[in-house]
Amino acid sequence: NLVDSNIKIDQVAAGYEFSLALNTSTGNVYSFGNMENARLGHGETPRGGVFHFREHSAYRTNLKYEYHPRLVEGLIGKHIDKIYAAPRSSIACSSRNNTTFTWGSGAWYLHGTASSGDIPEPMPLKAF
């Protein structure tokens, strides 16, 4: 994990139940927390879970979490220098390559694509 490896973190961003961390000297992005909606960018989403219903609410247990920061492999070598976290999706930017990557929940077309589906791994946005 990052604490034991002495990796320097220059920027952090927090979404809903997940976080991103960036080392700007390497451009490496790490993510951890709730994997729902593919918001961590590892190409995985939680499987299963049990829904519980109460009078005015429902919640799910047994969600899959990434408990330790994990390298977002789809961004290796992309020279990321800025990260942003929305509630259930993420954005990473490379000013060196003039490229913006997005992943996570596609609800309300948050990724700027014609799809409202979740994006499991970083995908470059196309220019307008």
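Not measured: the values here are computed from a predicted model.

A look at the overall build of the protein chain
Within the protein chain, the regular secondary structure consists of one helix and ten strands. Starting at the N terminus, the α and β elements of the protein chain follow one another as α-β-β-β-β-β-β-β-β-β-β. Scored against the burial criterion, the 128 residues of the protein chain give a buried share of 33%. When contacts within the protein chain are restricted to residue pairs at least 6 apart in sequence, those whose partners lie at least 24 apart make up 43%. Surface accessibility of the protein chain: about 7,800 Å² in total, with carbon and sulfur atoms responsible for 52%.

Let's talk about the nonpolar core
For soluble globular proteins, the rule of thumb is that nonpolar side chains tend to be buried together. Within the largest apolar cluster, 15 residues are counted, with the highest numbers of intra-cluster contacts made by Leu20, Val29, Leu75, Ile80, Ile83, Ala92 and Trp103. Elements represented by at least two residues in this core include exactly β2 (18–23) and β9 (99–104). Broken down by element, the residue count for this core peaks at three residues, all from β2. Ignoring anything within four residues of it in the chain, the contact list for Leu20 reads Gln11, Val12, Ala13, Tyr30, Ser31, Ile83, Tyr84, Ala85, Ser90 and Trp103.

Comments concerning the pattern of salt bridges
When their charged atoms lie close together, side chains carrying opposite charge are able to pair. Throughout the structure, instances matching the rule amount to three salt bridges. We note a salt bridge from Glu66 to Arg70, for which the minimum N-O separation is 3.0 Å.

Conventions used here
- Residues numbered from 1 in each chain as written.
- Predicted model: local features only at pLDDT ≥ 70, side-chain atom pairs only at ≥ 80, totals over all residues.
- Heavy atoms only, no water.
- Helix = DSSP H or I, 4+ residues; strand = E, 2+ residues; numbered from the N terminus.
- Buried < 20%, exposed > 50% of the residue type's maximum accessible area, 1.4 Å probe, protein only.
- Contact = heavy atoms within 4.5 Å.
- Areas by Shrake-Rupley, 256 points an atom, 1.4 Å probe, with all protein chains shown as cover.
- Core = buried A, V, L, I, M, F, W, Y, C linked by side-chain atoms within 4.5 Å.
- Salt bridge = Lys/Arg side-chain N within 4 Å of Asp/Glu carboxyl O.

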